[in-house]
Amino acid sequence: MMPVVRPVVIVANWKMHTTLADAGELASSIARATAHPRVTRVICPPHVSLAAVSAALRGTDVAVGAQDCHSEAFGPYTGSVSAPMLAGLATWCLVGHSERRRDQTETDELISRKLLRCFEAGLRPVLCVGEQLEERDDGRAAATVRTQLEGALGAIIGRGPDAAAGLVVAYEPVWAIGTGRTARGADAASMAQAIRDVADGLGMDDAASLPVLYGGSVTSATIGEFLAEPTIDGALVGGASLKVEEMAGIVARASVTAEARQSAGVA
Ligand code: PGA
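Now for a look at the structure at hand. Bear in mind that the values here come from a model prediction, so they are computed numbers and not experimental data.

A short note on the nonpolar core
Ranked by size, the top nonpolar core spans 70 residues in total, and within it Ile10, Leu167 and Ile195 carry the most contacts. Apart from the residues lying within four places of it in its own chain, the contact partners of isoleucine 195 are Val129, Val145, Leu149, Val169, Tyr171, Leu210 and Val212. Val42, Leu94, Ala170 and Leu213 belong to the second-largest nonpolar core, a separate cluster that totals 13 residues.

So this is what it looks like as structure tokens:
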């Protein structure tokens, strides 16, 4: 049997930070400081800066991602931005981030439709899942993530085993986001494997190749604990992704894992 080949991916989520005046410059500085060809790099600026960031990154191999899209392709939804509108500006899109589940009360069913819009528009979605602190403390972390995956992916994979091809999942325990408190590498690693098992159980084609990232207070100092785990394929980085030095350290560490996997024939 051929070894499983999974890329190492670092996604920067700028959230509601930067302005048009500084987004392009920050993106170019990050691109210059992180030029490791074996690491897949993606920057997700606010929607209004997508064009500037995409222009700034032209000629680099850093991809541009959106932070969200609407669940419909077009329609009377004032102020919203849909997946077909993002195509051309971005090639990736975050879906179901916990801040949107919390602030926009996004449900798994809505998230599922957003994923579908991404696939239809040719955007590569990063589906974010993760439990609340009470759920972890009650021993319900894995069940929560399973429910989120089933709700978001069940209907898509039901259309065909390759209907979710290109998907990336980010496991982000909600209690670790923006708090400075990270999960333990071993806990995140077993959740990453559980995520692939759920995808496999849903009938996803080649679920063993599904990239699973860790997210939640990742910095250049903490990334190593996660990338030391063979089941974790990178990180979704929030606060630290606004700092060039931090991104340089994170991607440099990711390139070590990418190289090690390549020479071991597992990536
Ligand atoms: P953080 O955010 O790195 O600031 O915790 C991660 C995320 O929300 O994607």
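Some details on the pattern of salt bridges
All told, the structure shown has 21 salt bridges when counted by the stated rule. Between glutamate 25 and arginine 32 there is a salt bridge, with the nearest N and O atoms lying 3.8 Å from each other. The class of arginine 32 is exposed, set by a relative accessible area of 60%. Among the salt bridges present, the one from aspartate 138 reaches arginine 140, with a minimum N-O distance of 3.2 Å. For arginine 140, a relative accessible area of 38% gives the class partly exposed. Here the residues in one salt-bridge network are Arg6, Arg196, Asp233 and Arg261, joined through shared partners.

A word on unusual backbone geometry
A positive phi angle, close to 55 degrees, is found at lysine 15, a residue other than glycine. Following the sequence through the fold, lysine 15 ends up in the loop between β1 (8–13) and α1 (20–33). Judged by relative accessible area, lysine 15 falls into the buried class, the value being 19%. With a phi close to 55 degrees, aspartate 206 is a non-glycine residue in the positive phi region. Here aspartate 206 shows up in the loop between α8 (185–201) and β7 (212–215).

Scoring rules and cut-offs
Residues numbered from 1 in each chain as written. Predicted model: local features only at pLDDT ≥ 70, side-chain atom pairs only at ≥ 80, totals over all residues. Heavy atoms only, no water. Core = buried A, V, L, I, M, F, W, Y, C linked by side-chain atoms within 4.5 Å. Buried < 20%, exposed > 50% of the residue type's maximum accessible area, 1.4 Å probe, protein only. Contact = heavy atoms within 4.5 Å. Salt bridge = Lys/Arg side-chain N within 4 Å of Asp/Glu carboxyl O. Helix = DSSP H or I, 4+ residues; strand = E, 2+ residues; numbered from the N terminus.

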